[in-house]
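Here is what each chain is made of, one letter per residue.
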Amino acid sequence: MTAVPSIELNNGVEIPQLGFGTYQIAPERTKEAVLSALEVGYRHIDTAEMYGNEKQVGEAVRASGIDRADIFVTSKLNNGFHAPADALKAFDRTLDDLGLDHLDLFLIHWPLPGVGDFAETWNALEEIYASGRSRAIGVSNFQPPHLRRILAEGGIVPAVNQIEVHPYLTQDDARAFDAEHGIATEAWSPIAQGKVLDDPTIGRIAARVGRTPAQVTLRWHLQRGDIVFPKSVTHARVQENFDVFGFTLTGEDIKAISALNRDERTGPDPDTFNYTG
Ligand SMILES: NC(=O)c1ccc[n+]([C@@H]2O[C@H](COP(=O)([O-])OP(=O)(O)OC[C@H]3O[C@@H](n4cnc5c(N)ncnc54)[C@H](OP(=O)(O)O)[C@@H]3O)[C@@H](O)[C@H]2O)c1
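What you see as residue numbers is a count from 1 along each chain, following the sequence as written. Only residues with pLDDT of at least 70 are given local features in this predicted model, and only at 80 or more are side-chain atom pairs given and counted; all residues enter the totals for whole chains, interfaces and linings. By convention in this description, side-chain values take in all heavy atoms of the structure and omit both hydrogens and water.

**Notes on the site of the ligand**
For the record, the criterion: Residue proximity to a molecule or strand is established when one non-hydrogen atom of the residue lies within 4 Å of it. As used in this structure description, the phrase polar contact means that two N or O atoms lie within 3.5 Å; if the pair is within protein, one of them must be able to donate a hydrogen and the other to accept it, and residues adjacent in sequence are counted only when both atoms belong to side chains. Reported accessibility uses the Shrake-Rupley method at a 1.4 Å probe radius. Residues are deemed covered only where the shown protein chains occlude them. Put simply, DSSP marks the helices as runs of H or I at least four residues long and the strands as runs of E at least two long, and each gets a number from the N terminus on. Classes in brief: Ala, Val, Leu, Ile, Met, Phe, Trp, Tyr, Cys and Pro nonpolar; Asp, Glu, Lys and Arg charged; the others, Gly included, polar.
What surrounds the ligand is a group of 28 residues, the closest being Asp46, Ser189, Lys231, Ser232 and Thr234. Between Ser140 and the ligand, the recorded distance is 2.8 Å, taken from a side-chain N or O atom to a nitrogen atom. If the ligand stood free it would expose 910 Å²; the protein chains cover 88% of that surface. Considering every element that reaches the shell around the ligand, the biggest residue donor is helix 9 (residues 235-242), with three residues. Residue composition of the shell around the ligand, grouped by class: 12 nonpolar, 11 polar and five charged.

Here is the structure:
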């Protein structure tokens, strides 16, 4: 089985650099999809209360027969539960739904700067971390100004910042900020939900190296050092997305793909996205 490299987070916890995303997998398809990913060799699953499929992710993890210690499970605090007492309850609910006694990583899903004080929410995550029920804590969709507040007011530096990154949104400034502060960047929507796969530059490189555009794009992320977890409910694609360790892109390839940046988001802008209930 392919060995997926690990990245050491700032608290010493190791995270597999390639995982499996579960956003937009319907609950009734989730157990089968996660089991199929685990069978292919993925050992890192990214879910969230917002995805509505934590129960089924947990069922798959428990039914897989794989040691819990060998699977890295991430979940996220849903919008609407940012008040510290609500965040603590939401974390308990996540563990209950997953049927697990701990998480490997728990994230604030969105900063929601217009809704409440995410620095207070971060204090609740610090309490969870101190209790040992999540091996690491981090944030998602945090821009450098949001992170600056956490760094100034919090006691613990987030282990990761999970943000949208792909060839059309290379996020050079945000990634550099994360790196400067010892925060690992996780790239969500790594293939821009399929939008980058018809790009002629990626297509040309894929043809030259004898790989698919999805494999080339995932390889670009991995060689840039980010953590990725592509989502697919199609078994052949789940396999394809895992088979990204037997080739290397040149420095020129990396540069050419990075030059495709057009600051184009597939999801909301964290500075303006707010939960409205
Ligand atoms: N923190 C956040 O706010 C946030 C936001 C979005 C996503 N995420 C996380 O990031 C994960 C990945 O992002 P994502 O699901 O938005 O998008 P993605 O992984 O970039 O793309 C998924 C889409 O691409 C298709 N696909 C996957 N592999 C393919 C391949 N090899 N060839 C052609 N098409 C392929 C899938 O189709 P099929 O499934 O039909 O095969 C699906 O429609 C999520 O699942 C979630 O865990 C986090």
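**What to know about the nonpolar core**
Rules: What we call a nonpolar core is a set of buried Ala, Val, Leu, Ile, Met, Phe, Trp, Tyr and Cys residues that are connected through their side-chain atoms within 4.5 Å. Partly exposed residues are those whose accessible area sits between 20% and 50% of the maximum for their type, while under 20% is buried and over 50% is exposed, using a 1.4 Å probe and protein chains only.
Counting 61 residues, the largest nonpolar core has Phe20, Tyr42, Val216, Leu249 and Ile257 as the members making the most contacts within it. Listed in part, the 16 residues of the second largest apolar core include Leu9, Phe72, Leu107 and Trp188.

**Re the packing of helix 2 (residues 54-63) against helix 3 (residues 84-98)**
To keep things clear, this is the line we draw: Angles here are taken between N-to-C directions and fall from 0 to 180 degrees, while the axes themselves are lines fitted to C-alpha atoms, restricted in helices to the stretch in contact. Oblique is the label for every angle not falling under 35 degrees (roughly parallel), over 145 degrees (roughly antiparallel), or within 65 to 115 degrees (roughly perpendicular). Any pair of residues with heavy atoms lying within 4.5 Å of one another is described as a contacting pair.
Running from N to C, helix 2 and helix 3 cross one another at 50°; their axes reach a closest spacing of 7 Å. Considering the angle they form, helix 2 stands oblique to helix 3. The residues of helix 3 that touch helix 2, namely those facing Glu54, Lys55, Val57, Gly58 and Arg62, are Thr94, Asp97 and Leu98. Split by residue class, the contact of helix 2 with helix 3 holds two nonpolar, two polar and four charged.

**With respect to the pairing of strand 9 (residues 184-188)**
So the rule is basically this: For two strands to pair, DSSP has to find at least two bridges joining them. A right-handed crossover is one whose linking path, passing over the helix from the first strand to the second, runs clockwise when the strands point away from the viewer.
In terms of residue burial, strand 9 counts as a mostly covered element, since five of its five residues are buried. Here strand 9 shows no split at all, with Ala184, Glu186 and Trp188 on one side and Thr185 and Ala187 on the other all buried. Relative to strand 9, strand 8 (residues 160-164) runs parallel, the two being bridged by five bridges. Bridge pairing links Glu164 to Trp188 in strand 9. Taken together, strand 8, helix 6 (residues 172-180) and strand 9 form a β-α-β motif whose crossover is right-handed. Where strand 9 meets strand 10 (residues 227-228), two bridges bridge the pair, whose relative direction is parallel. Its bridge partner being in strand 10, Ala187 is matched across the sheet by Val228.

**Overview of unusual backbone geometry**
It is generally the case that most residues other than glycine have a negative phi and that most peptide bonds are trans. One non-glycine residue with positive phi stands out, namely Leu112, at about 45°. Tracing the backbone through its elements, the reader meets Leu112 in the loop between strand 6 (105-108) and helix 4 (118-130). Phi at Gln171 takes a positive value of approximately 55°, unusual for a residue other than glycine. In this fold, Gln171 is placed in the loop between strand 8 and helix 6.

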